[in-house]
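Commentary on secondary and tertiary structure
The primary structure of each chain is shown beneath.
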Amino acid sequence: MSSSARYWYDVSRKWLLVSSVGLLVPNFLIKAPFGRFSPSGDSWLVVDGIKSWVVMELVAPLTFLYAYLRSPLSYYEVNLPELTSPQNVLAGLFLVHYANRAVLGPLRTPSRSRSHLSVTVTGMVFNLANGFALGSYLSSPYARVFLTRGYTYARRSYWVGVGLWVVGFLGNVVHDEVLFEIRRKAKAKGKGKGKEKETKEGMNGNDANETSKDTKIQSEHYAIPQGLLYRYISYPNYLCEWIEWFGFALAAAPVPVASLSALLGVFSLETVKEAWTDPAHVFAPNLAPPWVFFIAEVFFMFPRAYNGHRWYHEKFGERYPKERRAVIPFLV
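If you're wondering where the values come from, they're calculated on a predicted model, not measured in any experiment.

Topic: the overall build of the protein chain
- Helix and strand counts for the protein chain stand at 12 helices and five strands.
- Counting all 332 residues of the protein chain, 48% fall into the buried class.
- Here the protein chain has roughly 16,300 Å² of accessible surface; of this, 65% comes from carbon and sulfur atoms.

Things to note about the packing of aromatic side chains
- The final tally for this structure, using the stated rule, is 26 aromatic pairs.
- Joined through ring pairs, the aromatic side chains of Phe-64, Tyr-68, Phe-94, Tyr-98, Phe-126, Trp-245, Phe-248, Phe-293 and Phe-300 make up one cluster.

Thoughts on a nonpolar patch on the surface
- A contiguous nonpolar patch, built from Leu-58, Leu-62, Val-103, Leu-104 and Leu-107 and spanning about 470 Å² of accessible area, is present on the exposed surface.
- Looking at the nonpolar patch, the element that brings in the most residues is helix α4 (residues 86-108), giving three residues.
- Structurally, Leu-62 is set in helix α3 (residues 49-70).
- Its relative accessible area of 56% is what places Leu-62 among the exposed residues.

Overview of the UniProt feature "transmembrane region" (unreviewed entry) in the protein chain
- The sites that UniProt annotates as "transmembrane region" (unreviewed entry) are residues 119-138, 158-175, 245-267 and 287-306.
- A distance of 28 Å separates the end C-alpha atoms of residues 119-138, which is 100% helix and 0% strand.
- End C-alpha to end C-alpha, residues 158-175 measures 26 Å, and it is 100% helix and 0% strand.

Considering α3
- The first and last C-alpha atoms of α3 sit 32 Å apart over 22 residues, in line with the 32 Å expected at 1.5 Å per residue.
- When we look at burial in α3, the residues that qualify are Gly-49, Ser-52, Trp-53, Met-56, Glu-57, Val-59, Ala-60, Pro-61, Thr-63, Phe-64, Ala-67 and Tyr-68.
- Two or three places before Ile-50, at the start of α3, stands the capping residue Asp-48, its side-chain oxygen 3.2 Å from that residue's backbone nitrogen.
- Following α3 by one or two positions, Ser-71 has its phi on the positive side, about 50 degrees.

Section: the pattern of salt bridges
- On inspection of all chains with the given rule, the structure shows nine salt bridges.
- A salt bridge links Glu-181 to Arg-184, with the nearest nitrogen and oxygen atoms 2.9 Å apart. Placement of both Glu-181 and Arg-184 in helix α8 (residues 156-192) is noted, with a separation of three residues, approximately one turn of the helix.
- Sharing partners across several salt bridges, the network here consists of Arg-108, Glu-177, Glu-181 and Arg-184.

So, the side chain of Asp-10
- Checked against the element boundaries, Asp-10 lands in helix α1 (residues 3-22).
- Filtering out sequence-adjacent residues up to four positions away, Asp-10 remains in contact with Ala-280 and His-281.

Comments concerning the nonpolar core
- Ranked by size, the top nonpolar core spans 58 residues in total, and within it Leu-90, Phe-94, Tyr-137, Leu-138, Trp-245 and Phe-248 carry the most contacts.
- Counting only elements with at least two residues in this core, the list comes to α1, α3, α4, α5 (117-138), α6 (141-146), α8, α9 (236-252) and α12 (289-316).
- By residue number, the principal contributor to this core is α12, which donates 11 residues.
- Leaving out residues up to four positions away in the same chain, Leu-90 has contacts with Leu-138, Leu-147, Tyr-158, Phe-248, Ala-251 and Ala-252.

A short note on α1
- Given a rise of 1.5 Å per residue, 20 residues ought to cover 28 Å, and the 28 Å separating the end C-alpha atoms of α1 matches this to within 8%.
- Within the span of α1, buried status applies to Ala-5, Tyr-9, Asp-10, Val-11, Ser-12, Arg-13, Lys-14, Leu-16, Leu-17, Val-18, Ser-20 and Val-21.

Here we look at the environment of Arg-155
- Structurally, Arg-155 can be placed in the loop between α7 (149-153) and α8.
- Separated by 96 residues in the primary sequence, Arg-155 and Ala-251 have C-alpha atoms spaced 8.8 Å apart.
- One polar contact links the side chain of Arg-155 to the main-chain carbonyl oxygen of Leu-250, over a distance of 3.4 Å.

Brief notes about the confidence of the model for the protein chain
- For the protein chain, the average pLDDT comes to 84, and 84% of its residues sit at 70 or higher.
- Confidence drops under a pLDDT of 50 for residues 191-221, and excluding neighbours within four residues, the segment shows 101 contacts in the predicted structure.

Criteria and cut-off values
- Residues numbered from 1 in each chain as written.
- Predicted model: local features only at pLDDT ≥ 70, side-chain atom pairs only at ≥ 80, totals over all residues.
- Heavy atoms only, no water.
- Helix = DSSP H or I, 4+ residues; strand = E, 2+ residues; numbered from the N terminus.
- Buried < 20%, exposed > 50% of the residue type's maximum accessible area, 1.4 Å probe, protein only.
- Areas by Shrake-Rupley, 256 points an atom, 1.4 Å probe, with all protein chains shown as cover.
- Phe/Tyr/Trp six-rings, centres within 6.5 Å; stacked < 30°, edge-to-face > 60°.
- Patch = residues over 30% accessible without salt bridge, like charges linked within 9 Å, V, L, I, M, F, W, Y side chains within 5 Å.
- Salt bridge = Lys/Arg side-chain N within 4 Å of Asp/Glu carboxyl O.
- UniProt positions renumbered as here; feature names shortened; annotations may be inferred.
- Expected span 1.5 Å × (residues − 1).
- Polar contact = N/O pair within 3.5 Å; in protein donor to acceptor, adjacent residues only side chain to side chain.
- Contact = heavy atoms within 4.5 Å.
- Core = buried A, V, L, I, M, F, W, Y, C linked by side-chain atoms within 4.5 Å.
- pLDDT = per-residue confidence, 0-100.

This is how it looks when you write it as structure tokens:
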């Protein structure tokens, strides 16, 4: 294990968490320029939506594979885990998710709105840090001990976690498909009228509004997603992704806190202040990367869901279901 590998592992783990907590409030106020909030006008900083999405998302699995195969936290060269080992199962789950997210999803959607380059770059940085941290963790000596075949396959939390991952992944796919179908129909209708279509859509396929233009007439076409969990919330694919990564963390690493008070302590003002000055290796040492990823996902995505939910109400007014919440059924 090189000292630089350990350093970057700790830095990635720390700042993924600290940045997600620190940017929670600003993200409610500043809408990231992509999807329904994509920038208007022509600029070299505004890039193709699908191409930038693929490049941004491929960083995660590629970095993960590099770290997983190299095992940078090991003190000596180690053999790869056996094919059916828990580490390989969990690595496979991660790669399946990103195969869908970075390749299959873009192939299934007919269009994606342009994105500001800043979104692509920040997304690449997040995926670089997260892929490295997760790949390094799963191939580390600590994970090899915690995920020993006999112990892990007899551990109930492992199977519950894998089950939650499967449920969350399938939920993510089917709810994205609802939105993709909205776009396919709108695009076909736009082509039939001989119009050039500009589609605005969210980062997880959640902004299902289309704008059709020609040289004389500009009209906007919007659709309210229906069915499945869309009956209750505006962003079921976000909720399903949280379920997915909560299950992954539950299967891959020890629960980082023993009580609610300890969990709240992780996010206390005192702890956040100390995080800016303490060395990375002493920050929340028992918080493994799978849990860091889950927490960061929730903190980064919740403001987006809230702002998008408000957008739906502003655009559709009384037509938008009043009982529908943003991302958690019956609550918020």
